[in-house]
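Coordinate analysis (summary)
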Number of protein chains: 2
Amino acid sequence: MTIKESSRPGGRSARVQESIHNAVRALLEEQERSSVTVPQIAARAGVTPSTIYRRWGDLAALLADVALARLRPESDPLETGSLRGDIRAWAEQYLDEMSSEPGRNVMRDVQASATPGFCIAIIADQLQTIVDRFPDQSPPTVDHLINLVVSPTVFRILFAVAPLEIEELHRLIDIALKQD
Amino acid sequence: MTIKESSRPGGRSARVQESIHNAVRALLEEQERSSVTVPQIAARAGVTPSTIYRRWGDLAALLADVALARLRPESDPLETGSLRGDIRAWAEQYLDEMSSEPGRNVMRDVQASATPGFCIAIIADQLQTIVDRFPDQSPPTVDHLINLVVSPTVFRILFAVAPLEIEELHRLIDIALKQD
């Protein structure tokens with residue numbers, strides 16, 4: 001596959017990215033995750049390895065980006081009519097996704113990448129969208145929601161025997177809404 | 001180095017473990033973490049690889065055990081005279097240790113091991129020691145402290161740009177003490 005130049009601004013860059021993402025997905029279907037290399041991906045995508053290093057920095061960041069692209073919601077967080085309802089719906093979906101095999105791969109890849117911060121930026125973005133819907137209810141800060149709701153969800157998946165129970169997740173959301 | 005039989009119960013097993021831990025530490029000083037192998041460790045410790053696999057299951061679990069042994073406190077959590085003070089002292093030390101390079105290695109090795117639960121067991125043990133000192137103050141459960149204090153500490157180290165601020169850590173401890 002080769003990349004064609006485009007007259008639209010960003011068009012070429014977007015197609016390069018799509019072609020590289022497709023190459024990663026194809027290779028991951030054919031072989032073990034740990035055996036995929038940047039030169040392999042570059043060859044499959046029709047780009048040079050330096051294109052990949054320039055854009056993502058390292059293989060782990062690229063794998064994380066591909067994994068995140070699959071998980072990244074294509075629409076805004078669900079609107080349920082209440083702040084508590086919106087956060088619950090988002091947090092339940094997040095717990096569900098992160099407990100899955102692709103979710104665990106995302107977390108592993110993000111940690112191995114040089115820029116783990118971009119993962120938290122996506123989460124913060126979605127939570128900000130929710131709290132911005134309810135400005136008159138003095139909603140908690142996004143940081144507070146990350147500490148009280150996102151952190152225990154992720155910590156239990158990574159280190160505990162079982163993920164967080166839904167009841168406990170709801171309780172943590174209630175605590176987060178009580179503060180601030 | 002060879003392992004001698006001992007007449008004390010558990011003595012041989014403890015010496016095998018010490019010799020394997022020493023071999024890991026020595027190899028980690030000489031070479032890259034990612035290049036250390038079980039056969040290398042076994043040769044250095046004077047045991048067979050199967051001794052290591054039988055005891056730890058995999059290399060990651062052994063590396064995690066060695067890293068934890070270094071971090072594992074040799075005494076009970078500090079007694080300050082108050083529940084809040086004890087939890088603060090413990091949590092500040094935990095934040096400090098986990099933000100360090102050995103702390104990050106522990107978290108990586110524990111996640112890569114087949115039994116990540118043993119890490120949470122050590123934490124739970126220390127927190128239980130603290131809450132057991134103050135039975136008449138209806139202390140929070142250990143699980144609640146792990147969700148509200150340990151989880152955000154670890155999450156921020158693994159995924160955020162900067163670790164948790166001490167002020168935020170204190171605030172989370174206050175929230176944990178208000179509940180339950």
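On a predicted model such as this, the values are computed, not experimentally measured, just so you know. (Residues numbered from 1 in each chain as written. Chains lettered and ligands numbered in written order. Predicted model: local features only at pLDDT ≥ 70, side-chain atom pairs only at ≥ 80, totals over all residues. Heavy atoms only, no water.)

What follows covers the interface of chain B and chain A. Across the boundary between the two partners, chain B contributes 29 residues, which contact 29 residues of chain A. Among the residues of chain B in contact with chain A, N147, F155 and F159 of chain B are the three that bury the most area, contributing 27% of the side total. Counting every contact that joins chain B to chain A gives 2 salt bridges. The partner of D143 of chain B in a salt bridge is R156 of chain A, and the shortest N-O contact between them spans 3.5 Å. (Contact = heavy atoms within 4.5 Å. Buried area = accessible area lost by both parts, 1.4 Å probe. Salt bridge = Lys/Arg side-chain N within 4 Å of Asp/Glu carboxyl O.)

Right, let's get into the packing of aromatic side chains. All names here are of chain A. All chains considered together, the criterion is met by 4 aromatic pairs over all chains. Ring geometry for W90 against Y94: centres 5.0 Å apart, planes inclined by 10°, an arrangement best described as stacked. In this pair, W90 and Y94 are both assigned in helix α5 (residues 83-99), 4 residues apart and thus about one turn of the helix distant. Relative to F159, the ring of F155 lies with its centre 5.1 Å away and its plane at 40°, an arrangement referred to as tilted. You can see F155 and its partner F159 sitting in helix α8 (residues 142-159), 4 residues apart, about one turn around the helix. (Phe/Tyr/Trp six-rings, centres within 6.5 Å; stacked < 30°, edge-to-face > 60°. Helix = DSSP H or I, 4+ residues; strand = E, 2+ residues; numbered from the N terminus.)

On to the pattern of salt bridges, then. Residue and element names in this part refer to chain A. Counted under the stated rule, the structure contains 10 salt bridges over all chains. Note that E168 and R171 form a salt bridge whose closest N and O atoms lie 3.4 Å from each other. Of this pair, E168 and R171 are both found in helix α9 (residues 166-178), 3 residues apart, which corresponds to roughly one turn of the helix. On the accessibility criterion, R171 (30% relative accessible area) is partly exposed. (Buried < 20%, exposed > 50% of the residue type's maximum accessible area, 1.4 Å probe, protein only.)

Here we come to the relation of the copies chain B and chain A. Structural alignment of chain B on chain A gives an RMSD of 0.0 Å, achieved by rotating through 180° and translating 0.0 Å along the axis. Both copies of the chain, as the preceding transformation shows, are related through a two-fold rotation axis. When each C-alpha of chain B is compared by its distance to the rotation axis, S151 of chain B comes out closest, at 2.6 Å. Looking at the interface residues of chain B, 100% of them are also at the interface in chain A, so both copies use one shared face. (Least-squares fit on C-alpha atoms with pLDDT ≥ 70 in both.)

Turning to the side chain of H21 of chain B, a few remarks are in order. Its place among the elements puts H21 of chain B in helix α1 (residues 11-30). When its relative accessible area of 5% is taken as the criterion, H21 of chain B is described as buried.

This part covers the nonpolar core. Residues V150 of chain A together with V150 of chain B are the most contacted members of the largest nonpolar core, which totals 78 residues. Ignoring any residue separated from it by four or fewer positions in sequence, one finds V150 of chain A in contact with W90, Y94, I123, L127 and L145 of chain A together with F155 of chain B. (Core = buried A, V, L, I, M, F, W, Y, C linked by side-chain atoms within 4.5 Å.)

Our next topic: unusual backbone geometry. Residues and elements named next belong to chain A. Here S138, not a glycine, exhibits a phi torsion of approximately 35°, which is positive. Here S138 lies in the loop between α7 (117-131) and α8. Here S138 falls in the exposed class, since its relative accessible area comes to 51%.

Mapped onto the elements, V150 of chain B comes out in helix α8 (residues 142-159). Judged by relative accessible area, V150 of chain B falls into the buried class, the value being 1%. C-alpha of V150 of chain B to C-alpha of I123 of chain B: the two residues are 27 residues apart in sequence and 8.7 Å apart in space. Residue contacts for V150 of chain B: discarding those within four places in its chain leaves F155 of chain A together with W90, Y94, I123, L127 and L145 of chain B.

In this model, chain A carries a mean pLDDT of 86, and residues with pLDDT of at least 70 account for 89%. Per-residue pLDDT stays below 50 along residues 1-9 of chain A; that stretch engages in 19 contacts with residues further than four places along the chain or on separate chains. (pLDDT = per-residue confidence, 0-100.)

Before going further, it helps to examine the packing of α1 of chain B against helix α3 (residues 49-56) of chain B. Residues and elements named next belong to chain B. Two elements in contact, α1 and α3, have axes separated by 12 Å at closest approach and are oriented at 105°. When the interaxial angle is binned, α1 and α3 end up roughly perpendicular. Contacts from S13, V16, Q17, I20 and H21 in α1 reach T51, I52, R55 and W56 in α3. Residue composition of the contact of α1 with α3, grouped by class: 4 nonpolar, 4 polar and 1 charged. (Axes fitted to C-alpha atoms, helices over the stretch in contact; angles between N-to-C directions. Parallel < 35°, antiparallel > 145°, perpendicular 65-115°, else oblique. Nonpolar A, V, L, I, M, F, W, Y, C, P; charged D, E, K, R; others polar.)

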